Amino acid sequence: NAGVTQTPKFQVLKTGQSMTLQCAQDMNHNSMYWYRQDPGMGLRLIYYSASEGTTDKGEVPNGYNVSRLNKREFSLRLESAAPSQTSVYFCASSPIGGGDTDTQYFGPGTRLTVL
Amino acid sequence: RKEVEQDPGPFNVPEGATVAFNCTYSNSASQSFFWYRQDCRKEPKLLMSVYSSGNEDGRFTAQLNRASQYISLLIRDSKLSDSATYLCVVRGNAGKSTFGDGTTLTVKP
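Every chain is numbered on its own, with residues counted from 1 as its sequence reads. Written order decides the labels, with chains lettered from A and ligands numbered from 1. Only residues with pLDDT of 70 or above have their local features reported here, since the model is predicted, and side-chain atom pairs are shown and tallied only from 80 upward, although totals for entire chains, interfaces and linings are computed over all residues. As a rule here, side-chain values cover all heavy atoms of the structure and leave hydrogens and water aside.

Chemist: Help me understand the overall build of chain A in this model?
Modeler: Strands are runs of DSSP state E lasting at least 2 residues, helices are runs of H or I lasting at least 4, and numbering of each runs from the N terminus. Counting its secondary structure elements, chain A contains zero helices and eleven strands. In chain A, the succession of α and β elements from N to C terminus is β-β-β-β-β-β-β-β-β-β-β. By principal-axis analysis of the C-alpha atoms, chain A measures approximately 40 × 30 × 25 Å. The buried label goes to any residue with under 20% of its type's maximum accessible area, the exposed label to any with over 50%, and the partly exposed label to all in between, with areas taken from a 1.4 Å probe on protein chains only. Per-residue burial over chain A gives 50% buried out of 115 residues.

Below, the structure is given as structure tokens:
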């Protein structure tokens, strides 16, 4: 049981390049999330998917797109990377997407640098 | 004003000390509350949920005051292994979670 996996672990991009961050969970969770964490700050929600087939914007969606490919996989795409997108990106999943027992499980993160 | 605000810290305490962290939230419609722990350069992990009646898990006690929109975490008998950043998390009814910026705790021998 791997939990939540993310690829790649590290990435360096040049301004204007595109890339897709991959996330997969093997816990049969309904909800999945993408966050970014900048130094000294908490996590900010980029996009989330309450269930397979649905996606919604979070707090900081500009410059990103997502795809909920199936129940297991939720990818994040940067179409034209900018230095302001340098951050650590965490994917998370939770069983039901709400409630005070609904724990979010996080992947190990992708450290992205945009030059 | 941020939706979720935490004590800025850092907190530096000796082993065995009791330390308390505070967190306030601005959205009165918030439904669920959590404390997560994050070690340096690692992913956050759930420490405990926070219930209206307050709850305890070993050396850790969480309290919620809905009227004042305030959450607290108390750590008793601090251990070196408690050194980490503690994140206050507030969730609304749409399932979106808002994280505080975190409070860093260092427990020293």
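Chemist: Please explain the sheet that holds strand 1 (residues 4-6) of chain B as it appears in this structure.
Modeler: Sheets are built from strands paired through backbone hydrogen bonds, the pairs being either parallel or antiparallel. Residue and element names in this part refer to chain B. Note on pairing: DSSP must find at least two bridges between two strands before they are called paired. One open sheet accounts for five strands, arranged 1-3-8-7-6; its pairing is antiparallel. Here the strands that pair on one side only, and so sit at the sheet edges, are strand 1 and strand 6 (55-57). The mean inter-strand angle of the sheet, taken between neighbouring strand axes irrespective of direction, is 15 degrees. The sheet contact formed by strand 6 and strand 7 (residues 60-65) spans three bridges and is antiparallel. Its bridge partner lying in strand 7, asparagine 55 is registered against alanine 62. Only C-alpha atoms enter the line fits that serve as axes; for helices the fit covers just the stretch in contact. Angles between N-to-C directions range over 0 to 180 degrees.

Chemist: What am I meant to see in the pairing of strand 8 (residues 74-78) of chain A here?
Modeler: The side chains of a regular strand alternate between both faces of the sheet. All names here are of chain A. Burial within strand 8 is extensive, with four of its five residues counted as buried. As defined by bridge partners, strand 3 (residues 19-25) adjoins strand 8 across three bridges and the pair is classed as antiparallel. Paired with leucine 21 across the strands is leucine 76, a residue of strand 8. In this structure, strand 7 (residues 64-68) lies alongside strand 8, joined through five bridges in antiparallel fashion. Across the sheet, the residue bridging to serine 67 is serine 75, located in strand 8. Hairpin connection between strand 7 and strand 8: a loop of five residues separates the two successive antiparallel strands.

Chemist: Help me out: how do you make sense of the state of the cysteines in this one?
Modeler: Defined simply, a disulfide is a covalent bond joining two cysteines at their sulfur atoms. Cysteine sulfur atoms that pair up within 2.5 Å are treated as a disulfide. Scanning the model with the defined rule gives two disulfides over all chains in all. Two residues, Cys23(A) and Cys91(A), share a disulfide whose sulfurs are 1.8 Å apart. Handedness of the Cys23(A)-Cys91(A) disulfide follows from its S-S torsion of about -75 degrees: it is left-handed. With Cys23(A) in strand 3 and Cys91(A) in strand 9 (residues 87-94), the pair connects residues that are 68 residues apart, well separated along the chain. Put simply, Cys23(B) and Cys88(B) are joined by a disulfide, and their sulfur atoms are 2.0 Å apart. Because the torsion about its S-S bond is -75 degrees, the bridge between Cys23(B) and Cys88(B) counts as left-handed.

Chemist: What is the right way to look at the pattern of salt bridges in this model?
Modeler: Pairing is possible between side chains that carry opposite charge, provided their charged atoms lie close to one another. The term salt bridge refers to a pairing of a side-chain nitrogen on Lys or Arg with a carboxyl oxygen on Asp or Glu at a separation within 4 Å. Scanning the entire structure with this criterion turns up eight salt bridges over all chains. Measuring nitrogen to oxygen at the nearest pair gives 2.8 Å for the salt bridge that ties Arg59(B) to Asp82(B). Taken together, the residues Arg59(B) in the loop between strand 6 and strand 7 and Asp82(B) in the loop between strand 8 (70-75) and strand 9 (84-91) connect sequence positions 23 residues apart. Residue class for Arg59(B) comes out partly exposed when judged on its relative accessible area of 22%. If you follow the salt bridges from partner to partner, you end up with Arg36(A), Asp38(A) and Arg44(A) in one network.

Chemist: Got a minute to help me understand the side chain of His29(A) in this structure?
Modeler: Residue and element names in this part refer to chain A. Within the fold, histidine 29 resides in the loop between strand 3 and strand 4 (31-37). In this structure histidine 29 comes out as buried when scored by relative accessible area, which is 6%. Residues adjacent in sequence count toward polar contacts only when both atoms are side-chain atoms; beyond that, a polar contact is any pair of N or O atoms within 3.5 Å, and within protein one must be able to donate a hydrogen and the other to accept it. Within the structure, histidine 29 has its side chain in polar contact with the side chain of serine 93 (distance 2.8 Å). Once residues lying within four places of it in the same chain are set aside, the contact partners of histidine 29 are Arg68, Lys71, Ser93, Ser94, Pro95 and Tyr105. The criterion used for residue contact is that any of the two residues' heavy atoms lie within 4.5 Å.

Chemist: Honestly, the sheet that holds strand 3 of chain A in this entry has me stumped. Any pointers?
Modeler: All names here are of chain A. Strand order in this open sheet of four strands is 1-3-8-7, and the pairing throughout is antiparallel. The open sheet has two edge strands with one neighbour each: strand 1 (4-7) and strand 7. Along the sheet, successive strands turn relative to each other by an average axial angle of 15 degrees, direction set aside.

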